[in-house]
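Understanding the architecture of this molecule
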Amino acid sequence: MKRIITLLILVVMNINGYCQERNNTDSLMNALKTQKDDTNKVIILNHFSGKKDDVNSYTWSIYFGELAAALAEKIGDEFGKADAYYHLGHVNWELSNYFKALEYYQKALTIYQRLDNKERIGLNREGIGRIFENLGRVYISLSDYPQALEYNQKALTIWEQIGYPVGVAHNLDCIGRVYYKLSDYQKTLLYYQKELNIWEQIGYKSEMAGTLGDIGLVYNNLSDYNTALEYEQKALTIYEQIGLDQFGMAAHVAFIYYNLGSVYVNLADYSKALENYQKALQIKEQLGEKNGIALLYNNIGEVYQKQGKLNEALKFDSKGLSLALEIGAKDLIEDAYLDLSVIDSAMNNFKGAYENHKLYMLYNDSIFNIEKQKNITALQMNYEFAKVQDSTKAIHEKANALNAEIISNQKIINNTFIIGFILVVILLGVLFRMFRIKRKANFILTEKSEIISEMLVEKDLLMKEIHHRVKNNLQVISGLLELQWVRTTDENTKAALSDSQHRVLSMSFIHQNLYQNDNRKGVEMRSFVEELDNH
């Protein structure tokens, strides 16, 4: 495992070095050609399929994704193939190729669901959650709101079970977007506010700004234009703090410009509306996001229509309709036909107005015919599943063999664990016995130490009592000799008594020195004679 990780890091570092300049593409290709065809190479290809550093990298993302899918198919790497299909679905969604995106997402979903509850179960559940989330996004773009809601609610459940707040927030955003499209603005605000709370808690500023922009757009539709402008300006300020030139920020900033344009349209400030729409359109054209371009064509046409510039309005709405038809965005097709109907009517082209209005009603009914859409989608999913199931019978056999090997390895690991556990228990038993023996020895030693301490205390008390009594007895003897000396008149007797008293006094000094000094084996003669002489 360490070797694989090291190899992956080294190759990725080398490839990053090659990709720093566009002119080094050939070097990157050569580096991949020299890499052995194995799961490591699939991982690297998938890494670069999902890595987009600039606008022109969509082509390379598709290229690397297709290489990864083909190689994974060749070597039987099911996980690598699912990841490749996921990346191909994502890049096609970003390029507004919605039906291709659905095709790739469904392929990836089929593999992840088939491999669920097996090896890498955590990654499988995570992969299924990502695909449900992105299927919901695609169906939003296709105006199939019931299907979008179903998939995003499934994804939300998975992310909540895993405990992944980023995934929870993304799907709250998608569900809020569905309710926005259905004009249920109170539910929209409810989901957007929950999403905003999560971004604030985990400190994701760019996502926080995007949600503020979404909330501003809702207030715009609720005719609360001042609140809408306030939210949009907050979002734009955050993006400016992050840095508008960072990759990935451009699309978000374009969204804010679009929102500001929509607010200024409602405020009848058409010059500011056009200014913001043009800024958004310029970014979307640089990114090649067809859905956003079609949307802005329609909105710019609407502004020109309100200004009475019908030829300009016709030009932009026609471009918007053409692009919307190309990508199959039903809500944008519906809006374009409605705008063209109004423009034709204003230009006295009543036949064109009638035809465009009929087409508008047709798409309007198509979008909101929920039961019809559910049936169509169910048939499509059953067809895709049956087609993929037929093509994966051989892979099932490989998967079963791999599963058997995994079970065998797991048994070896379990037996090793049991033996190791028994050895650990034995070692713990020996250590515990040694601990008890040591603790008992320490207890006995402590008990003896306490007995000795008590004996020493008793000894000190006895010594003090003995010294006290000796001192008292010497004082009594000295006092009696003193009384006898006073009563006696015979000089020889007095001399004898005085000599005896001095002897007692000498003994008293010796006793005092022994008692007061720590060394009781003897008395220092010099100090004793000096003290005796002083008395």
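Just so you know, these numbers come straight off a predicted model, no measurement behind them. (Residues numbered from 1 in each chain as written. Predicted model: local features only at pLDDT ≥ 70, side-chain atom pairs only at ≥ 80, totals over all residues. Heavy atoms only, no water.)

This part takes up the overall build of the protein chain. The secondary structure content of the protein chain amounts to 22 helices and zero strands. Within the protein chain, counting contacts between residues at least 6 apart in sequence, those at least 24 apart form 56% of the total. Within the structure as shown, the protein chain displays about 31100 Å² of accessible surface, and the carbon and sulfur contribution to it stands at 56%. (Helix = DSSP H or I, 4+ residues; strand = E, 2+ residues; numbered from the N terminus. Contact = heavy atoms within 4.5 Å. Areas by Shrake-Rupley, 256 points an atom, 1.4 Å probe, with all protein chains shown as cover.)

Topologically, Asn97 is positioned in the loop between α5 (78-94) and α6 (98-115). Owing to a relative accessible area of 26%, Asn97 belongs among the partly exposed residues under this scheme. With 232 residues separating them along the chain, Asn97 and Ala329 place their C-alpha atoms 9.9 Å apart. (Buried < 20%, exposed > 50% of the residue type's maximum accessible area, 1.4 Å probe, protein only.)

General note: in soluble globular proteins, nonpolar side chains tend to be found buried as a group. One finds Ile131 and Leu135 to be the most contacted residues of the largest nonpolar core, which totals 109 residues. For Ile131, the contacting residues outside a window of four places in its chain are Tyr86, Tyr105, Ala108, Leu109 and Tyr112. (Core = buried A, V, L, I, M, F, W, Y, C linked by side-chain atoms within 4.5 Å.)

On to the packing of helix α3 (residues 39-49) against helix α4 (residues 57-75). Angle between the axes and distance between the axes: these two values describe a pair of packed helices. Contact geometry of α3 with α4 gives a least axis separation of 8 Å together with a crossing angle of 155 degrees. By the criterion of interaxial angle, the relationship of α3 to α4 is roughly antiparallel. Handedness of the crossing formed by α3 with α4: left-handed. Here α3 contributes Thr39, Lys41, Val42, Leu45, Asn46, Phe48 and Ser49 to the contact with α4, which in turn contributes Ser61, Phe64, Gly65, Leu67, Ala68, Leu71, Ala72 and Ile75. A class-by-class count of the residues in the contact of α3 with α4 yields nine nonpolar, five polar and one charged. (Axes fitted to C-alpha atoms, helices over the stretch in contact; angles between N-to-C directions. Parallel < 35°, antiparallel > 145°, perpendicular 65-115°, else oblique. Left-handed = near helix turned anticlockwise from the far one by under 90°. Nonpolar A, V, L, I, M, F, W, Y, C, P; charged D, E, K, R; others polar.)

With that settled, consider unusual backbone geometry. Non-glycine residue Ser183 carries a positive phi angle of around 65 degrees. Among the structural elements, Ser183 can be located in the loop between α9 (165-181) and α10 (185-202). Classification of Ser183 by relative accessible area gives partly exposed; the value is 46%. With phi around 70 degrees, Ser223 is a residue other than glycine that occupies positive phi space. Structurally, Ser223 is set in the loop between α11 (205-221) and α12 (225-242).

As a further point, take helix α14 (residues 270-287). With 18 residues, α14 ought to run about 26 Å at 1.5 Å a step, and its terminal C-alpha atoms sit 25 Å apart, in line with that. Taken together, the buried positions of α14 are Ala273, Leu274, Asn276, Tyr277, Ala280, Leu281, Ile283, Lys284 and Leu287. Its buried side turned inward, α14 meets α4, α13 (249-266) and α15 (290-306). In the segment just after α14, Gly288 is the residue with positive phi, at about 75 degrees. (Expected span 1.5 Å × (residues − 1).)

Attention shifts here to the packing of aromatic side chains. Aromatic rings considered in pairs are described by the distance between their centres and by the relative angle of their planes. Overall, the coordinates contain 16 aromatic pairs when judged by the stated rule. Measuring from ring centre to ring centre gives 5.6 Å for Trp60 and Tyr63, while their planes differ by 85 degrees; the resulting arrangement is edge-to-face. With a gap of three residues between them, Trp60 and Tyr63 both fall in helix α4, about one helical turn apart. Taking relative accessible area as the criterion, Tyr63 reaches 34% and is therefore assigned partly exposed. Aromatic rings pair up to connect Trp60, Tyr63 and Phe64 into one cluster. Of note, Lys234 hangs over the ring of Tyr231, and the distance from its end group to the ring centre comes to 5.3 Å. Just above the ring of Phe316 sits the side chain of Lys319; from NZ or CZ to the centre is 5.1 Å. (Phe/Tyr/Trp six-rings, centres within 6.5 Å; stacked < 30°, edge-to-face > 60°. Lys NZ or Arg CZ within 6 Å of the ring centre and 35° of its normal.)

What follows deals with the confidence of the model for the protein chain. Chain-level pLDDT for the protein chain is 79 on average; 79% of the residues reach the 70-or-more range. Mean pLDDT in the protein chain bottoms out at helix α1 (residues 2-18), which sits at 42, and peaks at α10, which reaches 93. Across residues 118-122, confidence stays below pLDDT 50; counting only partners more than four residues off in sequence or on other chains, it has seven contacts. (pLDDT = per-residue confidence, 0-100.)

With that out of the way, let us pick up a negative patch on the surface. Residues Glu447, Glu450, Glu454 and Glu458 make up a contiguous surface patch of negative charge. With respect to the helices and strands, the residue Glu450 is situated in helix α20 (residues 393-487). (Patch = residues over 30% accessible without salt bridge, like charges linked within 9 Å, V, L, I, M, F, W, Y side chains within 5 Å. Salt bridge = Lys/Arg side-chain N within 4 Å of Asp/Glu carboxyl O. Lys, Arg positive; Asp, Glu negative; His and termini not counted. Charge placed at Lys NZ, Arg CZ, Asp CG, Glu CD.)

Now for the packing of α11 against α13. One can describe the packing of α11 onto α13 by two numbers: an axis separation of 10 Å at closest approach and a directional angle of 20 degrees. The pairing of α11 with α13 is recorded here as roughly parallel in orientation. For the pair α11 and α13, the sense of crossing is left-handed. Residue-level contacts link Ser206, Ala209, Gly210, Gly213, Asp214, Leu217 and Asn220 of α11 to Met249, Phe255, Ile256, Tyr258, Asn259, Ser262, Val263 and Asn266 of α13. Classifying every residue of the contact of α11 with α13 by side-chain character gives seven nonpolar, seven polar and one charged.

Here we come to α10. In this model, α10 (18 residues) spans 26 Å end to end at C-alpha, consistent with the 26 Å of a helix rising 1.5 Å per residue. If you check which residues of α10 are buried, you get Tyr185, Thr188, Leu189, Tyr191, Tyr192, Glu195, Leu196, Ile198 and Trp199. At its buried positions, α10 is contacted by α9 and α11. Once α10 finishes, Gly203 follows within two positions and takes phi at roughly 75 degrees, a positive value.

Turning next to the side chain of Thr211. Looking at where Thr211 falls in the secondary structure, it is placed in helix α11. The class for Thr211 is buried, based on a relative accessible area of 0%. With near-sequence residues (within four places) excluded, Thr211 lies in contact with Tyr192, Glu195, Leu196 and Trp199.

So, about the pattern of salt bridges. Considering all chains together, one arrives at 17 salt bridges under this definition. In this structure, Asp214 engages Arg177 in a salt bridge whose closest nitrogen and oxygen atoms are separated by 3.1 Å. Here Asp214, found in helix α11, pairs with Arg177, found in helix α9; they are 37 residues apart in sequence, far enough to count as distant. Judged by relative accessible area, which is 4%, Asp214 ranks as buried. The exposure class of Arg177 is partly exposed, given its relative accessible area of 26%.

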